Amino acid sequence: MIKIHALEEVKGNVKDIVEKEFEKLSKELKEKYNAKLRYVDEDLEENENLKFYTKIGEFEIEFGSFKDYIDFCLKYGADIEVIKPSKLKLKSNEINEVLGLVISFFKTFVETYKVGFNVYIDEEKKKGIEVEEYKKGKYDEDEIIDFEDEGFIRVKAVFEGFGKSEEEVIKNLIASLNMENVIINKVITQNFSDKNFNGLIGIDLLCKPFEMFEIAYKYLPVAISVQKDEIELDLANIQDIGNELSGAVFELSHTVTMRKR
């Protein structure tokens, strides 16, 4: 059971419409999640001749599963405070299913609105990458176990790759994955082109829970799976992952809205 307090905001320049939309949202959350409205706040911003009305509500919601919680974060983009549990244990099939849900959601968004996240390639990091070293595997099993003892989760992911050469594509992907709490162990490829590289890159990596979800929604891998029977998320993990996904949805939605103006 996951219990949260979620801030939902409705904003517009017509007060009656803001009121109606907020009531509609409140009713929907109550019907779908048995949400309880804890308090409501209203605000008025005046900018030259324009007025913006804002209505914010804090809802208390409980979810029976981690998947239901993540589904809510993706659909409603709330500002979330997790109340309980302090620890949550998930089987590998549960976490893999949720990662698949995240990838599917963002992939559909990208295909529908033609907008997604650009990933940063660290050019300095790229210069020092020895591709053959990653093909062989950088770490032995004892070293991988040491990383797991430090809280890293072993993950295998498959990405689509396009570029002038296999080496260039591998370097770009590894350099872009140069983020805190991500350790790349091994890379394998499958090329479907005779001229350049147009194929798949499989990566054996270790990361923390937050980065696992960041990779899922930003990179949209073809496949991703946790190589551990069970993982444990603490309250901060649950909250940070939920807020990160909610924020990502808001950012993409805002981009689409601004593009239409």
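What counts and what doesn't
Residues numbered from 1 in each chain as written. Predicted model: local features only at pLDDT ≥ 70, side-chain atom pairs only at ≥ 80, totals over all residues. Heavy atoms only, no water. Helix = DSSP H or I, 4+ residues; strand = E, 2+ residues; numbered from the N terminus. Buried < 20%, exposed > 50% of the residue type's maximum accessible area, 1.4 Å probe, protein only. Pairing = 2+ DSSP bridges. Axes fitted to C-alpha atoms, helices over the stretch in contact; angles between N-to-C directions. Left-handed = near helix turned anticlockwise from the far one by under 90°. Contact = heavy atoms within 4.5 Å. Nonpolar A, V, L, I, M, F, W, Y, C, P; charged D, E, K, R; others polar. Patch = residues over 30% accessible without salt bridge, like charges linked within 9 Å, V, L, I, M, F, W, Y side chains within 5 Å. Areas by Shrake-Rupley, 256 points an atom, 1.4 Å probe, with all protein chains shown as cover. Salt bridge = Lys/Arg side-chain N within 4 Å of Asp/Glu carboxyl O. Lys, Arg positive; Asp, Glu negative; His and termini not counted. Charge placed at Lys NZ, Arg CZ, Asp CG, Glu CD. Polar contact = N/O pair within 3.5 Å; in protein donor to acceptor, adjacent residues only side chain to side chain. Core = buried A, V, L, I, M, F, W, Y, C linked by side-chain atoms within 4.5 Å. Phe/Tyr/Trp six-rings, centres within 6.5 Å; stacked < 30°, edge-to-face > 60°. Lys NZ or Arg CZ within 6 Å of the ring centre and 35° of its normal.

Peer 1: For this particular structure, what's the right way to read the environment of K15?
Peer 2: The residue K15 is located in helix α1 (residues 15–33) in this model. On the basis of relative accessibility, which here comes to 41%, the residue K15 falls in the partly exposed class. Once the C-alpha coordinates of K15 and E244 are considered, the two residues, 229 residues apart in sequence, prove to be 30 Å apart.

Peer 1: Where do I start with the pairing of strand β2 (residues 36–47) in this structure?
Peer 2: For β2 and strand β3 (residues 50–63), the ladder comprises eleven bridges, and the chain directions are antiparallel. Residue pairing across strands places L44 opposite Y53, the latter belonging to β3. Linkage of β2 to β3, two consecutive antiparallel strands, is achieved through a turn of two residues, within which E48 is found at a positive phi near 55°.

Peer 1: Any chance you could explain the packing of helix α3 (residues 92–113) against helix α8 (residues 209–219) here in plain terms?
Peer 2: Here α3 crosses α8 at 35°, and the two axes come no closer than 8 Å. Of the two elements, α3 crosses α8, and the hand of that crossing is right-handed. Between α3 and α8, the contacting residues are I95, V98, L99, V102, I103 and F106 on the first element and M212, F213, A216 and Y217 on the second. When grouped by side-chain class, the residues that make up the contact of α3 with α8 number ten nonpolar, no polar and no charged.

Peer 1: How should I be thinking about a negative patch on the surface in this particular structure?
Peer 2: A contiguous patch of negative charge on the surface is contributed by D140, D142, E143, D146, D149 and E150. Along the chain, the position of D142 falls in helix α6 (residues 141–149). Exposure remark for D142: the relative accessible area of 56% places this residue in the exposed category.

Peer 1: I keep staring at the sheet that holds β2 and nothing clicks. Help me out?
Peer 2: Strand pairing in a sheet is mediated by backbone hydrogen bonds. Such pairs are either parallel or antiparallel. The strand order across the open sheet formed by four strands is β2-β3-β1-β4, and the pairing between neighbours is antiparallel. Because the sheet does not close on itself, it has two edges, and the strands there are β2 and β4 (79–84). The mean angle between the axes of side-by-side strands here comes to 15°, regardless of whether they run parallel or antiparallel. The sheet contacts of α1 involve β1 (2–12), β2 and β3, and relative to β3 the element is tilted by about 5°. Sitting on the sheet, helix α2 (residues 66–76) touches β1, β3 and β4, and the angle it makes with β1 is about 10°.

Peer 1: Is there a simple way to explain unusual backbone geometry in this structure?
Peer 2: Peptide bonds are mostly trans, and most non-glycine residues show a negative phi. Going from K84 to P85, the amide bond is cis rather than trans, its omega being 10°. Along the chain, the position of P85 falls in the loop between β4 and β5 (87–91). The phi torsion at N34 lies on the positive side, around 55°, for a residue other than glycine. Counting through the fold element by element, N34 comes out in the loop between α1 and β2. Positive phi is not limited to glycine here, since L220 has a value of about 45°.

Peer 1: Sorry if this is basic, but what is going on with α6 here?
Peer 2: Turn by turn, an α-helix covers 3.6 residues, leaving residues three or four places apart pointing in a common direction. Measuring from the side-chain oxygen of the N-cap residue of α6 to the backbone nitrogen of D142 gives 3.2 Å; that N-cap residue is D140. Positioned one or two residues after α6, G151 has a phi angle of 100°, which is positive.

Peer 1: Please clarify how the nonpolar core should be interpreted in this entry.
Peer 2: With 74 residues, the main nonpolar core has I4, F66, Y69, F72, F106, M212 and F213 as its most contacted residues. Apart from residues lying up to four places away in sequence, F106 is in contact with L74, F117, Y217, L220, L245, A248, V249 and L252. Formed by five residues, the second largest nonpolar core is a distinct cluster that contains I144, F147, I183 and L206.

Peer 1: Is there a simple way to think about the packing of aromatic side chains in this case?
Peer 2: Aromatic ring pairs: the centre-centre distance and the angle between the two ring planes describe each pair. Applying the stated criterion to the full structure yields 16 aromatic pairs. Pairwise contacts between aromatic rings join Y33, F63, F66, Y69, F72, Y76 and F213 into one cluster. Cation over ring: K11 sits above F52, and NZ or CZ is 5.8 Å from the ring centre. Directly above the aromatic system of F152 lies the positively charged group of K208, at a separation of 4.7 Å from the ring centroid.

Peer 1: Mind showing me how you'd approach the sheet that holds strand β8 (residues 197–207) here?
Peer 2: Strand order in the open sheet formed by four strands is β7-β8-β6-β9, with antiparallel pairing between adjacent strands. On the outer flanks of this sheet lie β7 (182–191) and β9 (223–226), each paired with one strand and no other. For this sheet, the mean inter-axis angle between neighbouring strands, taken without regard to orientation, is 20°. As judged from the eleven bridges shared by strand β6 (residues 153–163) and β8, these two strands associate in the antiparallel manner. Within β8, the residue paired with A157 across the bridge is I203.

Peer 1: Quick question: what am I supposed to make of the side chain of E8 here?
Peer 2: As for its position among the elements, E8 is in strand β1. Buried charged residue E8 carries no salt bridge. Nearest counter-charge: K32, at 11 Å. For E8, the contacting residues outside a window of four places in its chain are F22, L25, L29, K55, I56, G57, F59, F72, Y76 and A78.

Any functional reading would require information that these geometric values do not contain.
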